[in-house]
Amino acid sequence: MKLADRMSRIGTESAFDVLARARALEAEGRDIVHLQIGEPDFDTPAHVTEAGIQALRDGYTHYVPALGIPALRDVIADYISKTRGISVGRQNVCVAPGGKPIMFWTIMALCQEGDEVIVPDPSYPIYESMARVVGAKVVPLPILEERNFTFAAEDLAARLTPRTKLVVLNSPANPTGGMLDKTDIEAVADVLRDHDCYILSDEIYSRILYSGEHYSVAAEPDLLDRTIILDGFSKTYAMTGWRLGYGIFPEDLMPHIDRLAVNSVSCTNAATQMAGIAALTGPQDCVERMVEEIERRRDYIVDGLNAIPGITCQKPLGAFYVFPNVTGLGLPSKVLADRILAEAGVALLSGTAFGGYGEGYLRLSYANSIPNIQKALDRIAALAKTLN
Ligand SMILES: Cc1ncc(COP(=O)(O)O)c(C=O)c1O
C-alpha cells in the first residue's frame, strides 16, 4: 500500500493508544485504573440529556446548516460575549462535532508549506499533528515547570518570524494544568499585537479552574479580528461522547470555515445541538458542583503523588490533569509510563506524548473517583519503591 506522503506526518493522541492497550490487559483479566483519558467521569446533567432526547422526538433528525443551528449560534455568541468581555454575534460562530475539528479547520484554512506555527510544548498533540499534515513547520514554545507551567512572553517573541502564521495558546492547559492569568495574557498580547499572525486560543477548560478568573487573549485591544477561540461542551458539561464544540472566528474567515465544514462533516448532529442550547441556557450549578468535586480530587492526588519518593507534583490551577516530575525515579518517561501500565495496572501517559519538553513528566487525569485515585497511588508507590 502506498499512502499519501502526508500520512507520514500525521500524529496521534496517545490517550487512545493507551486506552486500547489497557482494554487488552483487561480482556486478559487484569484490573486497570484508567487515569489516561481526558474526560470527566460525571454524567451529562439530566436536563441536558432530556433536551437531546426531546429534540430527537421533535424531529431534529435531519441535516442542519453546516455552521450550526442559528439558535445555538446565538446562544454561544451571547455566552462568549459575556464571559470574555467581547462583542461577537452569530456571524462569528461555527458549531462543530467537538472542539477538535476547530483546530483542524483553522489550520487547514490558514497554514501551508513555508509557514511556521508556534505551539506550546508540552501541549495537546493535535495542534502539532495538524500543522505538520498541512506542511507547516512547528516551532515549540517551552512550557516550564519553574514558570508554573507557563511561558515567558520573551520566549514567544524570540520565536516569532515573518513566516509565523499562527500562534497556539491553551489556558487552562492540557497536559500541565497551567494557566495564563490576565497579566500573562497582556504580556503575550503586547508581543503579538505588532506581529501579523493569527492566534488559536484553545479555551476548552475555561470553566474548569480552581482560583482566579479565565481571561481570553481575544479581549485584548486589536487582537479580536485575528483570534480564533476554541471552546465546547465536552469538558464543562461532561459531554465528550455527544461531540459538540465550537469556534469563534473573525467574520472574514467564516465563509472558508463554512466550506471546510461542508466538505468534511456536512453539519453537527442536530439533536446534540439542541442539548447544547439547554446546557448553556439552563442552570449552571451542575458545573459548579463538578468543579468542586474535581478540585477535591486534585488536592488528593497532588498530596498522594508528593508523598511518593522520587516524584514531585505542582498543584494545577485548572483543567483536570496533574503533570508530576518523575525524574527522581531514574527512567525515561515513556519507559516509566509503559511499566506503570504493564506492572502496576495504572493507565497514564508519558509527558513526551505532548512534546519533547514533556520528558521527565507523566500526565494523570484525576477526573476519576477518590477510591480509584487511591488505588492508583498505592500501585505507583509500590512500583516506585522497586526503582529507588
Ligand atoms: C486542550 C484540548 N483542546 C481540545 C480538546 C478536544 O475536545 P473535544 O472532545 O471537544 O473535541 C481537548 C480534549 O481532550 C483538549 O484537551
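Residues numbered from 1 in each chain as written. Predicted model: local features only at pLDDT ≥ 70, side-chain atom pairs only at ≥ 80, totals over all residues. Heavy atoms only, no water.

Asks: Help me understand the site of the ligand, please; the structure alone is not making it clear to me.
Replies: Taken together, 14 residues are adjacent to the ligand, and Gly 99, Asp 202, Tyr 205, Ser 234 and Lys 235 come closest. For the ligand, an oxygen atom lies 2.8 Å from a polar atom in the backbone of Gly 99. One nitrogen or oxygen atom from the side chain of Lys 235 is found 2.6 Å from an oxygen atom belonging to the ligand. Protein burial of the ligand: of its 400 Å² of free accessible surface, 94% is covered by the chains. A breakdown of the residues in the shell around the ligand according to their chemical character gives five nonpolar, five polar and four charged. (Near = heavy atom within 4 Å. Polar contact = N/O pair within 3.5 Å; in protein donor to acceptor, adjacent residues only side chain to side chain. Areas by Shrake-Rupley, 256 points an atom, 1.4 Å probe, with all protein chains shown as cover. Nonpolar A, V, L, I, M, F, W, Y, C, P; charged D, E, K, R; others polar.)

Asks: What's the story with helix α5 (residues 125–133) in this structure? I'm lost.
Replies: Residue pairs three or four apart in sequence face the same way in an α-helix, which turns once every 3.6 residues. Burial analysis of α5 places seven of its nine residues in the buried class, which makes it a mostly covered element. Every buried residue of α5 is listed here: Pro 125, Ile 126, Tyr 127, Ser 129, Met 130, Ala 131 and Val 133. In the core, the buried residues of α5 are packed alongside α4 (100–110), β3 (116–121), β4 (137–142), β5 (164–170) and β6 (198–202). (Buried < 20%, exposed > 50% of the residue type's maximum accessible area, 1.4 Å probe, protein only. Helix = DSSP H or I, 4+ residues; strand = E, 2+ residues; numbered from the N terminus. Contact = heavy atoms within 4.5 Å.)

Asks: Hey, could you run me through the packing of aromatic side chains in this one?
Replies: Aromatic ring pairs are defined here through the distance separating the ring centres and the angle between the ring planes. Scanning all chains against the criterion turns up nine aromatic pairs. Their ring planes at 85° and their centres at 5.7 Å tell us that Phe 149 and Phe 323 sit as a pair that is edge-to-face. Separated by 174 residues along the polypeptide, Phe 149 in the loop between β4 and α6 (153–159) and Phe 323 in the loop between β9 (321–322) and α11 (333–344) bring together distant segments of the chain. Comparing Phe 149 with Phe 323 shows no difference in burial state: the two are buried. (Phe/Tyr/Trp six-rings, centres within 6.5 Å; stacked < 30°, edge-to-face > 60°.)

Asks: Just checking my understanding: could you explain the sheet that holds β9 for this structure?
Replies: Here we have three strands laid out as an open sheet, ordered β9-β12-β11, and antiparallel in their pairing. At either end of the open sheet lies a strand with only one pairing partner, and these are β9 and β11 (349–350). Taken together, the two bridges between β9 and strand β12 (residues 362–365) define a ladder with antiparallel strand orientation. Within β12, the residue paired with Val 322 across the bridge is Leu 364. (Pairing = 2+ DSSP bridges.)

Asks: Can you help me understand the sheet that holds β4 in this one?
Replies: Pairing between sheet strands relies on hydrogen bonds along the backbone, with the strands arranged either parallel or antiparallel. If you trace the seven strands from one edge of the open sheet to the other, you get β2-β8-β7-β6-β5-β3-β4, paired in mixed fashion. One side of each edge strand has no neighbouring strand; the edge strands of this open sheet are β2 (93–96) and β4. Across the sheet, the mean angle from the axis of one strand to that of its neighbour is 20°, orientation sign disregarded. Across the sheet, α5 touches β3, β4, β5 and β6, and the angle it forms with β4 is around 155°. (Axes fitted to C-alpha atoms, helices over the stretch in contact; angles between N-to-C directions.)

Asks: So what exactly am I meant to see when it comes to the environment of Ile 126 here?
Replies: Mapped onto the elements of the fold, Ile 126 is located in helix α5. As a C-alpha pair, Ile 126 and Ser 8 span 118 residues in sequence and 15 Å in three-dimensional space.

Asks: What is the right way to look at the packing of helix α3 (residues 70–84) against helix α9 (residues 270–281) in this model?
Replies: Packing of α3 against α9 brings their axes to within 9 Å, and their N-to-C directions diverge by 30°. Here α3 lies roughly parallel to α9, going by the angle between them. Handedness of the crossing formed by α3 with α9: left-handed. Judged by residue contacts, Ala 71, Leu 72, Val 75, Ile 76 and Tyr 79 of α3 engage Gln 273, Gly 276, Ile 277, Leu 280 and Thr 281 from α9. (Parallel < 35°, antiparallel > 145°, perpendicular 65-115°, else oblique. Left-handed = near helix turned anticlockwise from the far one by under 90°.)

Asks: Help me understand a nonpolar patch on the surface, please; the structure alone is not making it clear to me.
Replies: A surface patch of nonpolar side chains, amounting to about 470 Å² of accessible area, comprises Met 1, Leu 3, Met 7 and Ile 10. Mapped onto the fold, Met 7 is located in the segment before α1 (14–27). Of the residues examined, Met 7 reaches a relative accessible area of 42% and is grouped as partly exposed. (Patch = residues over 30% accessible without salt bridge, like charges linked within 9 Å, V, L, I, M, F, W, Y side chains within 5 Å. Salt bridge = Lys/Arg side-chain N within 4 Å of Asp/Glu carboxyl O.)

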